[in-house]
Each structure stands twice: as C-alpha cells, then as structure tokens.
Amino acid sequence: VSKNELDWFNQDLEIKVKKWQQEKKEKQKNLKALRNTVKKHTDTNDRYLKTIDEKEKQYNVSLNTYLDTSNKLADEKVKLEDLIKKSQDDCQECVKRAVEAEISVLRNWKETEVCKL
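The structure presented is a predicted model; accordingly, all values stated were derived computationally and were not measured.

S.K.: Residues and numbers for the overall build of the chain, please.
M.R.: For the chain, the helix and strand inventory stands at one helix and zero strands. Taken against the 2.2 N^0.38 rule, which gives 13 Å for 117 residues, the C-alpha radius of gyration of the chain at 49 Å runs more than 25% over that of a compact globule. Taking the principal axes of its C-alpha atoms as reference, the chain extends roughly 165 × 15 × 15 Å. Burial analysis of the chain (117 residues in total) assigns 0% to the buried set. Approximately 11,700 Å² of the chain is accessible, and the part contributed by carbon and sulfur atoms is 57%. When the 26 basic and 23 acidic side-chain charges of the chain are each reduced to a single mean position, those positions are 10 Å apart.

This is how it looks when you write it as structure tokens:
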C-alpha cells in the first residue's frame, strides 16, 4: 500500500511542480513585460525632462532679452520725456520773446506815428 501511496504522492508532486513551473514562467514573462514598460516610461520621462530643460533655457533667454529691451525702452522714454519738456520750455520762451518783439514793434510804430503827427 505504501508503494502505491508513494507513487500517488510522486504523481501529485510532479503535477504540482509542473503547475508551479508554468506559473513561474508566466510570472517571469509578466515581469519582463513590466520591466520593458518601466524602461519605456523612464526613457519617455527622460526625453520630456530634456525637452523641459531646453524650453526653460529658451524661456530664460527670451525673458532676459525682453527685460533688457524693456529697460532700454524705459530709459529712452525718460530721455524723450526730458527732451519734450525742454522743447516745451524752449517753445514757451520763444513765444514770450515773439510777443515781446511784437510789442516792441507796435510801440515803435506808435512812436513813429506820433512823431509824424
């Protein structure tokens, strides 16, 4: 009886070992697929990080260019405003001198007319 039982146990053990080996192969296959997926995701992530770094560098260059241009234009605006104010002051001075000259001409004309009389 024990020889028969031993044969059954051996058969049962062989069936379980085959089942475990099949499960092991399937799990290794799944593990390999998961590793490939992880590698693809890691590669994609690295590409995105490089792209982000490049875009950030481009952004910083553009930002610095913008700030430089903005500062130059602000300085130029201040200079132009100063020139406009100076020109307005000069214009008012010219108008004042023109009015004084016209008054002087009118006085001379008046004195000339008075002398004629």
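Read on for the rest.
S.K.: Residue-level account of the pattern of salt bridges, with values.
M.R.: According to the stated counting rule, one finds five salt bridges in the structure shown. The salt bridge involving aspartate 43 is made with lysine 39; its shortest N-O contact spans 3.5 Å. Taken together, the residues span about one helical turn, with aspartate 43 and lysine 39 both in helix α1 (residues 2-116) at a distance of four residues. Where glutamate 113 meets lysine 116, a salt bridge forms, and the shortest distance between an N and an O atom there is 3.6 Å. Taken together, the positions of glutamate 113 and lysine 116, both in helix α1 and three residues apart, correspond to about one turn of that helix. On the accessibility criterion, lysine 116 (61% relative accessible area) is exposed.

S.K.: Go over the environment of aspartate 43 with me, naming the residues and quoting the values.
M.R.: Overall, aspartate 43 belongs to the partly exposed group, its relative accessible area being 33%. Linking aspartate 43 and glutamine 11, residues 32 residues apart in sequence, is a C-alpha distance of 48 Å.

S.K.: Give a detailed account of the UniProt feature "coiled-coil region" (unreviewed entry) in the chain, specifying residues and quantitative values.
M.R.: As recorded in UniProt, the feature "coiled-coil region" (unreviewed entry) lies at residues 10-90. As a span, residues 10-90 carries 100% helix and 0% strand, and end to end its C-alpha atoms are 117 Å apart.

S.K.: Could you give an account of the state of the cysteines, with specific residues and numbers?
M.R.: On inspection of all chains with the given rule, the structure shows zero disulfides. Left unpaired, cysteine 94 is separated from the closest cysteine sulfur, that of cysteine 91, by 6.6 Å. Under the relative-accessibility criterion, cysteine 94 is labelled partly exposed at 45%.

Procedures and definitions
Residues numbered from 1 in each chain as written. Predicted model: local features only at pLDDT ≥ 70, side-chain atom pairs only at ≥ 80, totals over all residues. Heavy atoms only, no water. Helix = DSSP H or I, 4+ residues; strand = E, 2+ residues; numbered from the N terminus. Rg over C-alpha atoms; globule rule 2.2 N^0.38 Å. Buried < 20%, exposed > 50% of the residue type's maximum accessible area, 1.4 Å probe, protein only. Areas by Shrake-Rupley, 256 points an atom, 1.4 Å probe, with all protein chains shown as cover. Lys, Arg positive; Asp, Glu negative; His and termini not counted. Charge placed at Lys NZ, Arg CZ, Asp CG, Glu CD. Salt bridge = Lys/Arg side-chain N within 4 Å of Asp/Glu carboxyl O. UniProt positions renumbered as here; feature names shortened; annotations may be inferred. Disulfide = S-S within 2.5 Å.

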